[in-house]
Amino acid sequence: MTDAAVLAARSQAESSAPPLLEARHLSKRYHFGKRLLPGSGKIVHAVDDVSLAVFPGETLGLVGESGCGKSTLGRCLTRLYEISEGELLFEGREIGHVGARQLKPYRRKVQMIFQDPSGSLNPRRRVADILAQPLRVHGIRPRAEIDDRLRELMDLVGLPPGYLDRYPHEFSGGQRQRIGIARALAMEPQLIVADEPVSALDVSVQAQIVNLFADLRDQLALTYVFIAHDLAVVRQVSTRIAVMYLGSIVELGSTDTVYGRPAHPYTEALLSAIPEPHARQQCERIVLQGDLPSPISPPPGCRFHTRCPFADDRCRTERPLLRPLDDGRSVACHYPRTEVSRTAGT
Amino acid sequence: MIPPVANPDPTDPILRVGGLTVSFATDRDPVTAIRDVSFDVNPGEILSIVGESGSGKTVSLLSILGLTDPRTTTTSGSVIFKGKRILELPDREMRRIRGREIALISQDPMTALTPVYTIGMQIAEQIRAHQSISRRGARKRAVELLGEVGLPNPSEMVDRFPHQLSGGMRQRAVIAMALSCNPALLVADEPTTALDVTVQAQVLDLLRRLRKDFGSSIILITHDMGVVGEMADRVLVMYAGRVVESGTAEQIFDDPWHPYTWGLLASIPPLRGPRPERLASISGTPPTPANLPPGCAFAPRCRFRFEPCSNPPPRYKDDGHTALCFIPPEDRPRLRATVLGGERSAA
Ligand SMILES: Nc1ncnc2c1ncn2[C@@H]1O[C@H](COP(=O)(O)OP(=O)(O)O)[C@@H](O)[C@H]1O
Ligand SMILES: Nc1ncnc2c1ncn2[C@@H]1O[C@H](COP(=O)(O)OP(=O)(O)O)[C@@H](O)[C@H]1O
Ligand SMILES: [Mg+2]
Ligand SMILES: [Mg+2]
């Protein structure tokens, strides 16, 4: 039942409680092209056999280059997308393949926040209506309490209650994201999957929203899956990190372990590519060659072997599975960087 | 102002911008988006302009290059390129300079590429516009350039259409196009903002090589302090249409003077060392050009504002380092330490 991959997906969790949400061997494929002619359509392997556990109270950061499948995985976790294969368990109950009716309570408990909140903010409605709608539809609060709850929500996200009468276009990007967050909070979720929630914001405003996420987690005992391509932001908010490459998780462990001593060559390259304000003396940088391969025809063996400076014949043929290392983190690599002596050649 | 000279000294700044001010006509009153921007770019230097969106980075460079719409835009001040005043040049001559001596790379490479031609045809055409060279020679040069910017299989890539390339490849193709004329000055407006960090590292590497191999000067516009830290020799920090601080990269990073620069630096989560409980963010949002507060435009968001800040701030200057702020030099280290900690030396 709990196979090696599922155990590897739990590596370095701080909590000993059972996972809140757990994906087991989850895959998501997109089909496109001529679907009527059998065999002529193309398949995008956007998420490929991902096992991942999210524990109560943690913030699991999901990082990787664009196109690696972060958003697809996020949308599968919230069941916004159908899952092609695998299981999804919430509090131990399988919800990956259940119908709309059985899914309803889960829909409330798990909310998603997007990079551009505009999609969930009807431009013709005032903020008050936008926030009150889920309260009414889901009957979360009795009518008489709704006004108080709206003020409370605005207070939680740091907006003056007077803004309830305004329309979405009257706000700046940072304020709109606060409203997007308030809308998610209106459902009183346990888990929030945030997909690049600060990526469109300027650094000064980004820092405000990052702080807000931390405050809300503490105040409301929330659990987050925080998706972002900005590795500094993810480090700031996350307790554990999952690094994705071409649809798979290649490394998973506590934030300090993964950032402090990356084990997968891809994680190492990704981290070394980040420009830093104080790294003017050009520390050793690994510049990855080539581009991300297409998820339509992923390379055989280790998917990273086409760009990996350390790949050998084994990497080109045998696909490494996510497995725990001695230090507790998991990695999908035949030759983890922490197990080879680091030579000057890096 | 510096009078135009016919034969400039090779060590003279290649570009001198003085008192650049740009206003736009709007439905209501005209708004001034850029006010009194002045800076020099020296030969072989990388100058970074950093600031949040709306601070006026793009408008500054478009007006320097004469690319703003003359029907709605009023530009004043002086722009001297290689000793020549270029704001006053006729369009035709300005276009020649832009293609041959100053190259522009924008954030979205698609704006520089035409979807219906192969990238090889586009680069070759650019070369032939400024150089008398055969079609075949231009194509050969295009392949060479694509190789120089690190595209794999350049002889195959040359026949690809823009949509057949990834974002990073397209940006490299645009850089190849910009390089085709060996520009003395390359202006890059957020060239890596749309790219992943691994691809960004490749493009930044390329820009550095360009400076090294051809001695080109580069104006690099970005909102990423990390990129500035790695690339810039000198830095301009813009806020609400003004240069609020300028200096060498060392001055800006080791001894920043302006509270906005402090806030920018403190807003970036660190990649190593202990993680702060909270990030020292700047409260509020930047003003728009139509709603500039009187006095210091940063004052409403500044935790160190005091009475004088409702008046236009003075520009302190010392050894090429400038800041537009009332805070007296002797108070800076103490105030700065409350934002950034005390580890910074007053270099
Ligand atoms: N609706 C779709 N149809 C076909 N392919 C898709 C669709 N959505 C995403 N993809 C592809 O799936 C892969 C993963 O995309 P995505 O999950 O958006 O990655 P990320 O969020 O990490 O950038 C990419 O190759 C992308 O092009
Ligand atoms: N054509 C225009 N008409 C009116 N206002 C403009 C125009 N172009 C830019 N602006 C305004 O000028 C300011 C500076 O813009 P911009 O230079 O694009 O900022 P940045 O590049 O730093 O993000 C912004 O407030 C923008 O709204
Ligand atoms: Mg995404
Ligand atoms: Mg711009």
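So, how was this worked out
Residues numbered from 1 in each chain as written. Chains lettered and ligands numbered in written order. Predicted model: local features only at pLDDT ≥ 70, side-chain atom pairs only at ≥ 80, totals over all residues. Heavy atoms only, no water. Helix = DSSP H or I, 4+ residues; strand = E, 2+ residues; numbered from the N terminus. Rg over C-alpha atoms; globule rule 2.2 N^0.38 Å. Contact = heavy atoms within 4.5 Å. Areas by Shrake-Rupley, 256 points an atom, 1.4 Å probe, with all protein chains shown as cover. Lys, Arg positive; Asp, Glu negative; His and termini not counted. Charge placed at Lys NZ, Arg CZ, Asp CG, Glu CD. Buried area = accessible area lost by both parts, 1.4 Å probe. Salt bridge = Lys/Arg side-chain N within 4 Å of Asp/Glu carboxyl O. Polar contact = N/O pair within 3.5 Å; in protein donor to acceptor, adjacent residues only side chain to side chain. Expected span 1.5 Å × (residues − 1). Buried < 20%, exposed > 50% of the residue type's maximum accessible area, 1.4 Å probe, protein only. Patch = residues over 30% accessible without salt bridge, like charges linked within 9 Å, V, L, I, M, F, W, Y side chains within 5 Å. Near = heavy atom within 4 Å. Pairing = 2+ DSSP bridges. Right-handed = clockwise from strand over helix to strand, strands pointing away. Nonpolar A, V, L, I, M, F, W, Y, C, P; charged D, E, K, R; others polar. Domains from an automatic or database assignment.

Novice: What am I meant to see in the overall build of chain A here?
Specialist: Scanning chain A from N- to C-terminus turns up 11 helices and 12 strands. Relative to a compact globule of 346 residues, whose C-alpha radius of gyration would be 20 Å, chain A shows 21 Å and is just as compact. Counting only C-alpha atoms and orienting by the principal axes, one finds that chain A spans roughly 70 × 55 × 45 Å. Considering only residue pairs separated by 6 or more positions, chain A has 64% of its internal contacts joining residues 24 or more positions apart. In the structure as shown, chain A presents an accessible area of about 15000 Å², 50% of it carried by carbon and sulfur atoms. With 43 positive and 40 negative side-chain charges, chain A shows a spacing of 6 Å between the two charge centroids.

Novice: Any chance you could explain the interface of chain B and chain A here in plain terms?
Specialist: Where the parts come together, the accessible area they lose is often given as the size of the interface. Contact residues are listed per partner, giving 44 residues for chain B and 38 residues for chain A. Roughly 3800 Å² of surface becomes buried between chain B and chain A when both sides are summed, with 49% attributable to carbon and sulfur atoms. When the area that chain B buries against chain A is broken down by residue, the three leading residues are Glu230, Leu271 and Arg275 of chain B, summing to 20%. Glu276 of chain A is paired through a salt bridge with Arg272 of chain B; the nearest N and O atoms lie 2.6 Å apart.

Novice: Honestly, the side chain of Ser216 of chain B in this entry has me stumped. Any pointers?
Specialist: Examined against the element boundaries, Ser216 of chain B turns out to sit in the loop between helix H7 (197-214) and strand S8 (217-222). Here the side chain of Ser216 of chain B touches Pro183 of chain B through a polar contact of 3.0 Å, landing on its backbone oxygen.

Novice: Which parts of the structure should I look at to understand helix H6 (residues 173-186) of chain A?
Specialist: Side chains that are three or four residues apart share a direction in an α-helix, a result of its 3.6 residues per turn. All names here are of chain A. When the terminal C-alpha atoms of H6 are compared, their 20 Å separation across 14 residues agrees well with the 20 Å that a helix rising 1.5 Å per residue should span. Most of H6 sits inside the fold, with 10 of its 14 residues counted as buried. For H6, the complete set of buried residues consists of Gly174, Gln177, Arg178, Ile179, Gly180, Ile181, Ala182, Ala184, Leu185 and Ala186. Along its buried surface, H6 packs onto strand S6 (110-113), helix H4 (127-137), helix H5 (146-156), strand S7 (191-195) and helix H7 (203-220). Looking at the residues trailing H6, positive phi occurs at Glu188, about 55°.

Novice: How should I be thinking about a positive patch on the surface in this particular structure?
Specialist: Residues and elements named next belong to chain B. There is a patch of like positive charges on the surface, built from Lys84, Arg92, Arg95, Arg96 and Arg100. In terms of residue count, helix H2 (residues 91-100) provides more of the positive patch than any other element does, 4 residues in total. Note that Arg100 resides in helix H2. Overall, the relative accessible area of 35% leaves Arg100 in the partly exposed class.

Novice: Can you help me understand the site of ligand 1 in this one?
Specialist: Residues and elements named next belong to chain A. Inspection of the region around ligand 1 gives Tyr30, Val44, Ala46, Glu65, Ser66, Gly67, Cys68, Gly69, Lys70, Ser71, Thr72 and Pro295 as its neighbouring residues. The separation between an oxygen atom of ligand 1 and a polar main-chain atom of Lys70 is 2.9 Å. At a separation of 2.7 Å, an oxygen atom of ligand 1 approaches a polar side-chain atom of Ser71. The protein chains hide 63% of the 560 Å² of surface that ligand 1 would expose on its own.

Novice: Whenever I open this one, the pattern of salt bridges confuses me. Can you help?
Specialist: Oppositely charged side chains may form a pair once their charged atoms are brought near each other. Inspection of every chain in the model, using the stated rule, returns 34 salt bridges over all chains. Between Glu101 of chain B and Lys82 of chain B there is a salt bridge, with its nearest N and O atoms 2.8 Å apart. One end of the pair, Glu101 of chain B, is in the loop between H2 and strand S6 (102-105); the other, Lys82 of chain B, is in the loop between strand S4 (73-81) and strand S5 (84-85), with 19 residues separating them in the sequence. On the basis of relative accessible area, Glu101 of chain B is assigned to the partly exposed category, the value being 24%. Residue Arg141 of chain B pairs with Glu148 of chain B through a salt bridge whose shortest N-O separation is 3.6 Å. Overall, Arg141 of chain B belongs to the partly exposed group, its relative accessible area being 23%. In this structure, a network of salt bridges that share partners links the residues Arg10, Glu22 and Arg24 of chain A.

Novice: What is the right way to look at the pairing of S7 of chain A in this model?
Specialist: For a regular strand, side-chain orientation follows a simple rule: the groups alternate between the two sheet faces. Residues and elements named next belong to chain A. The buried fraction of S7 is high, at 5 of 5 residues. Across 4 bridges, the pairing between S6 and S7 is parallel. Its bridge partner lying in S7, Met112 is registered against Val193. Relative to strand S8 (residues 223-227), S7 is paired through 5 bridges, and the arrangement is parallel. Residue Asp195 lies in a different strand from S8, and its bridge partner there is Ile227. With H7 bridging S7 and the parallel S8, this β-α-β connection has right-handed handedness.

Novice: Even after reading the chapter, I still don't get the site of ligand 2, so can you show me in this structure?
Specialist: Residue and element names in this part refer to chain B. Around ligand 2 sit Phe24, Ala33, Glu52, Ser53, Gly54, Ser55, Gly56, Lys57, Thr58, Val59 and Pro289, and those are all the residues in its vicinity. With respect to ligand 2, the backbone of Lys57 contributes an N or O atom lying 2.9 Å from an oxygen atom. Side-chain polar atom of Thr58 to an oxygen atom of ligand 2: 2.7 Å apart, as the coordinates give it. Relative to its free-state accessible area of 560 Å², ligand 2 is covered by the protein chains to the extent of 63%. Looking at the shell around ligand 2 element by element, the count peaks at 3 residues for helix H1 (residues 57-64). Looking at the shell around ligand 2 residue by residue, the classes come out as 4 nonpolar, 5 polar and 2 charged.

Novice: Would you take a moment to explain the domain arrangement of chain B for this structure?
Specialist: Residues and elements named next belong to chain B. By the assigned domains, chain B splits into domain 1 (15-232) and domain 2 (261-345). Spacing between the C-alpha centres of domain 1 and domain 2 amounts to 30 Å. Taken together, the contacts link 5 residues of domain 1 with 8 residues of domain 2. Here domain 1 meets domain 2 over a buried area of about 610 Å², counting both sides, of which 74% is carbon and sulfur. The largest share of the area that domain 1 buries against domain 2 comes from Val31, Glu52 and Met225, three residues that together contribute 65% of it. At the boundary of domain 1 with domain 2, the tally comes to 1 salt bridge. Note that Arg301 is salt-bridged to Glu52, the shortest N-O span being 3.9 Å. No other element matches the 3 residues that strand S2 (residues 31-41) contributes to the side of domain 1 that touches domain 2. Considering only residue class, the side of domain 1 that touches domain 2 consists of 3 nonpolar, 1 polar and 1 charged.

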